[in-house]
Amino acid sequence: MAEDFVKAVEDGLKLAKRVYGGKAAPPRPVAPMGKSPAATTEGLPTAVMVYAVINDPAMVDNPDIPSYQPHVYGRMDPPALIPLQMNGVELEVDCYLDTAFVRVSGSWRVHCVMGSRSCDCLIAIPMGEQGSILGVVADVLGKSYHTQLIATEDEDGTAKAARAGDWGFLKPHIFTLSIPQVDGGSNLSIKISWSQKLLYSDGELFLNVPFTFPEYVTPLVKKLPKKEKIQLNVNAGTGTQVLCKKISHPLKEKRRQVGNLGFFYESEVLSWSSTDFSFSFTVSSSHIFGSVLLQSPSLDDNDQREIFCVYLFPGNQKSRKVFRKDIVFVVDISGSMRGKPIDDTKDALFAALSKLDPEDSFSIIAFNGETYLFSTSLELATKEAVERAIEWISMNFVAGGATNILHPLNTAMEMLSHVRGSVPIIFLVTDGAVEDERRICDTMKNYLRDGRPICPRIFTFGIGSFCNHYFLRMLATIGRGQYDAAYDIDSVEFRMQRLFNRALSPIFSNITVDILDDLNEVEVYPFHIPDLSSESPLTVSGRYRGNFPDIIKAKGVLADLSNYMIDLKVEKAKDIPIDRVAKMSIQTAVASEYTHMVLCEIVGGKTAKESSGVKEKTVDPKGQKMIILGSLCIGFGNLTATADNKPPGSEEPKLPEAAEIFIKATSNCCASLCNHCCCMCGIQFCSQMNNQSAIVLTQLCTALACFGCFECCANVCCSGSDGR
């Protein structure tokens, strides 16, 4: 899909040369994709972009000054994408703890379509680390569009399903949404909001927001004012001094309070930002520290229990001792891991092994339908043992076979059953889904109840969209570990190494918060508090009834196995929306596996009201059209794809309607019709036809199917949407 998008933009830039800019603004040369300093990486957007979707090249022209160029015949299939010129942009970022809420507002003009024609406009939204789209609002010529989340069970049967291409993810961090039929020469006013995480390293928090615009989105008319505005608010919630380290744009400090900073920038510019917006800061403390924030629920929240958030920062003391570790790497080598996934996994594992201390112990288990052991017991991480492990990995990590997760996990637990005085760790890597996930979780729970001072921690890493990410997240929660994933194959090595670093750097273990046992109706997530790593802050949130004291105590064990206790001050979260930082719900507009996003169109009337990322209806729901876009989460995996050993990233596109009918009509009788043609050949052939030819072929094949399978044909005919 990303490759098709890049090709469509290249075609669009060629078509854009037909647009006459007038004598005052001669057309500037367009740099080749990927070669301009401000061009998008690999042709993909690195800032919010809007594109005109061009099916008919004859419609491409200046809506104000017709160029009267020769007529272009034919249609674009797939359609070309012409980047629209941007007239203004505002970026607003609110950072709370380790989460950032980003809002981008801008104005774009359909400068490349003649005034008598209209086209769809595609919005592309690249997001930062663990980005999650919260909402989109678009206004154009008396129409308003806004997205909202609905529970899966609340879908209205009258709502229309989105067409293929109306929305989706080009990459896991790039969300796209189409606004239908916008007239040439119109201006689109668009507001977009999403959340993303701040990265943490060596006591420093890093924010990076995609904000690099290519030169060709700058309007040709030089006299047109171009205003760029950036606003940044930082609330570390710590009650200690926040120190700004680096910033990419010339922001001026507008506010400085304890734990709270504000910056602002506004300027008339000749061209738009050519670099991402980045910012980093530290919280001045060399020791473990934290706080507790409390918040009351909103009136429309179905759960009226109070909300709390406990957070801990590891501090910036680089010489702090970490726990001795006993770790077992459990790695999927099934057939679907073939190629780049297993190669990048090996490289990340080599790097992790090199970071083990000599007093640490380790082993490696590779699995598919069978289990392969580097050693039957843990070995000290000496230089010789690490070299043997690297050689063993190179020889035995050969992708092939099925996926069986339970047996290697049982073996890893048995290896760790007798370790003492360390943090035992299981690190699971897989790209598949299995049927016995509930049994796996129950089995791991039983292992973790054996009464040891420090039970094994389970870290999980998912590759691609076919594995059950919900299961992996739950397994990590049960095991007091952490979960991460690489939906994009190109990010496997980087993200896996980062999770390895967190797993190998525990500094505060067996954490408990005393007050949680004294409150009523307490719900905590994660329900087993993970260890605090020197490589990431720790956040625990939940609901409760009762009263918090002014100070509570967090207790645990340090790396020297001594008991440690921290006093945490309890405060009201006046300026931090902890329900959005810590909670996934419809009220806070955060997507989950149990929600779908819909696009609502309102003709005339009032625009949707935006409040904290939530779109509130201000008109009668009957006066709006609703299009169901679908779920924004991958979640529960794909057992069929796992059984077929489909590699990550090989998701098959949905077949055209005619091809689907062709499959239904001939699936049980294809062999009797033609011994020299397979179903897939027919599907691929049918998929390349135009609509008229596809209808004729479908009717023919359905008729022929009657001779081989009358019942199959009858079922297909009866299921037609038009009753024919």
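Residues numbered from 1 in each chain as written. Predicted model: local features only at pLDDT ≥ 70, side-chain atom pairs only at ≥ 80, totals over all residues. Heavy atoms only, no water.

(A) Structural detail: the overall build of the chain. The number of helices and strands found in the chain is 14 helices and 37 strands. Per-residue burial for the chain yields a buried fraction of 54% across its 724 residues. With the model as given, the accessible surface of the chain reaches about 33,100 Å², and the carbon-plus-sulfur share is 52%. (Helix = DSSP H or I, 4+ residues; strand = E, 2+ residues; numbered from the N terminus. Buried < 20%, exposed > 50% of the residue type's maximum accessible area, 1.4 Å probe, protein only. Areas by Shrake-Rupley, 256 points an atom, 1.4 Å probe, with all protein chains shown as cover.)

(B) Here's a closer look at helix H6 (residues 469–478). When you tally the buried positions in H6, you get seven out of 10 residues, the bulk of the element. Within the span of H6, buried status applies to His 469, Phe 471, Leu 472, Leu 475, Ala 476, Thr 477 and Ile 478. The inward-facing, buried residues of H6 contact helix H4 (406–415), strand E25 (423–430), helix H5 (437–447), strand E26 (457–463), strand E27 (483–486) and strand E29 (520–525). N-cap assignment for H6: the residue whose side-chain oxygen lies 3.1 Å from the backbone N of Tyr 470 is Asn 468. At the exit of H6 stands Arg 480, carrying a positive phi of roughly 55°. (Contact = heavy atoms within 4.5 Å. Polar contact = N/O pair within 3.5 Å; in protein donor to acceptor, adjacent residues only side chain to side chain.)

(C) Layout of the packing of aromatic side chains. Evaluation of the coordinates by the stated rule reveals 20 aromatic pairs. Here Tyr 544 and Phe 548 contribute two aromatic rings whose centre-to-centre distance is 4.9 Å and whose plane-to-plane angle is 85°, an arrangement assigned as edge-to-face. Judged by relative accessible area, which is 12%, Phe 548 ranks as buried. Each member of the aromatic cluster is reached from another via a ring pair, and the members are Tyr 200, Phe 289, Tyr 311 and Phe 313. (Phe/Tyr/Trp six-rings, centres within 6.5 Å; stacked < 30°, edge-to-face > 60°.)

(D) Spotlight on the pairing of strand E6 (residues 132–140). With eight of its nine residues buried, E6 lies for the most part within the structure. As judged from the seven bridges shared by E6 and strand E11 (residues 187–197), these two strands associate in the antiparallel manner. Bridge assignment links Gly 135 to a residue of E11, and that residue is Ser 193. (Pairing = 2+ DSSP bridges.)

(E) Up close: the sheet that holds strand E18 (residues 277–283). Pairing is antiparallel across the open sheet formed by four strands, whose spatial order is E12-E13-E18-E15. Among the strands making up the open sheet, the edge pair consists of strand E12 (199–201) and strand E15 (242–247). Direction aside, neighbouring strands of the sheet carry axes that sit 25° apart on average. Here E12 pairs with strand E13 (residues 204–209) via three bridges, running antiparallel. When the bridges of E13 are listed, Leu 199 appears paired with Phe 206. (Axes fitted to C-alpha atoms, helices over the stretch in contact; angles between N-to-C directions.)

(F) Local environment of the packing of H4 against H5. Here H4 crosses H5 at 5°, and the two axes come no closer than 11 Å. As the angle between them shows, H4 and H5 are arranged roughly parallel. Contact with H4, carried on its side by Leu 406, Leu 409, Asn 410, Met 413 and Glu 414, involves Arg 439, Ile 440, Thr 443, Met 444 and Tyr 447 of H5 and no other residues of that element. (Parallel < 35°, antiparallel > 145°, perpendicular 65-115°, else oblique.)

(G) Quick look at the pairing of strand E19 (residues 289–295). Most of E19 sits inside the fold, with seven of its seven residues counted as buried. Alternating positions in E19 separate into two faces, Phe 289, Ser 291, Leu 293 and Gln 295 on one and Gly 290, Val 292 and Leu 294 on the other, with burial throughout. By the bridge criterion, seven bridges tie E19 to strand E20 (residues 306–313) in an arrangement that is antiparallel. Pairing of Leu 294 across the sheet is with Phe 308, part of E20.

(H) A look at the nonpolar core. Core analysis: the biggest nonpolar cluster contains 100 residues, and Val 93, Ile 125, Trp 194, Leu 232 and Phe 277 have the highest contact counts within it. With seven residues, helix H1 (residues 2–15) is the largest single contributor of residues to this core. Judged by nonpolar contacts, the second largest core, of 42 residues, contains Phe 323, Ile 333, Ile 425 and Ile 489. (Core = buried A, V, L, I, M, F, W, Y, C linked by side-chain atoms within 4.5 Å.)

(I) Summary view of the environment of Ile 307. Assignment of secondary structure puts Ile 307 in strand E20. Judged by its relative accessible area of 5%, Ile 307 falls in the buried class. Residues Ile 307 and Leu 293, spaced 14 residues apart in sequence, show a C-alpha to C-alpha distance of 8.3 Å. The residues contacting Ile 307, other than those within four sequence positions of it, are Leu 293, Leu 294, Gln 295, Pro 297, Gly 542, Arg 543, Tyr 544, Ile 578 and Asp 579.

(J) The arrangement of the side chain of Asp 94 in detail. With respect to the secondary-structure elements, Asp 94 resides in strand E3 (residues 85–96). Engagement of the side chain of Asp 94 in a polar contact is seen with the side chain of Arg 103, the distance being 2.6 Å. Once residues lying within four places of it in the same chain are set aside, the contact partners of Asp 94 are Thr 99, Ala 100, Phe 101, Arg 103 and Asn 233.

(K) Region of the structure containing the environment of Val 136. Mapped onto the secondary structure, Val 136 falls in strand E6. By relative accessible area, Val 136 is classed as buried at 2%. Residues Val 136 and Ile 192, 56 residues apart in the sequence, show an inter-C-alpha distance of 4.6 Å.

(L) Expanded view of the environment of Asp 94. The class for Asp 94 is buried, based on a relative accessible area of 9%. With 141 residues separating them in the primary sequence, Asp 94 and Asn 235 have C-alpha atoms 7.8 Å apart. There is a polar contact of 2.8 Å between the side chain of Asp 94 and the side chain of Asn 233.

(M) Fine view of the sheet that holds E20. Across the sheet, which stays open at both edges, the eight strands sit in the order E29-E31-E20-E19-E33-E32-E28-E30 with mixed pairing between neighbours. Sheet topology places E29 and strand E30 (532–533) at the edges, where each strand pairs with a single neighbour. Summarising the sheet, E20 and strand E31 (residues 538–545) pair through seven bridges and their orientation is antiparallel. The residue of E31 that forms the bridge with Val 310 is Val 540.

(N) Just helix H3 (residues 383–396), in detail. Its 14 residues place the ends of H3 20 Å apart at the C-alpha level, agreeing with the 20 Å of an ideal helix rising 1.5 Å per residue. When we look at burial in H3, the residues that qualify are Ala 385, Val 386, Ala 389, Trp 392 and Ile 393. Each buried residue of H3 lies within a common arc of 120° when the element is viewed along its axis, so the set occupies one face. Set apart from the buried face of H3 by more than 90 degrees, the exposed residues are Lys 383, Glu 384 and Met 395. If you follow the buried residues of H3, they end up packed against helix H2 (340–354), strand E22 (361–367), strand E23 (371–373) and strand E24 (379–380). (Expected span 1.5 Å × (residues − 1). Arc of directions from axis to C-beta.)

(O) The pattern of salt bridges, seen in detail. All told, the structure shown has 28 salt bridges when counted by the stated rule. Across the salt bridge formed by Arg 495 and Glu 129, the nearest N and O atoms sit 2.9 Å from each other. Of the two residues, Arg 495 sits in helix H7 (residues 492–503) while Glu 129 sits in the loop between strand E5 (118–126) and E6, which places them 366 residues apart along the sequence. Pair check on accessibility: Arg 495 and Glu 129 agree, each one buried. The closest approach of N and O atoms between Asp 484 and Arg 495, which form a salt bridge, is 3.3 Å. Taken together, the residues span a long stretch of sequence, with Asp 484 in strand E27 and Arg 495 in helix H7 at a distance of 11 residues. Assessed through its relative accessible area of 6%, Asp 484 is described here as buried. The buried category is assigned to Arg 495, whose relative accessible area is 12%. (Salt bridge = Lys/Arg side-chain N within 4 Å of Asp/Glu carboxyl O.)

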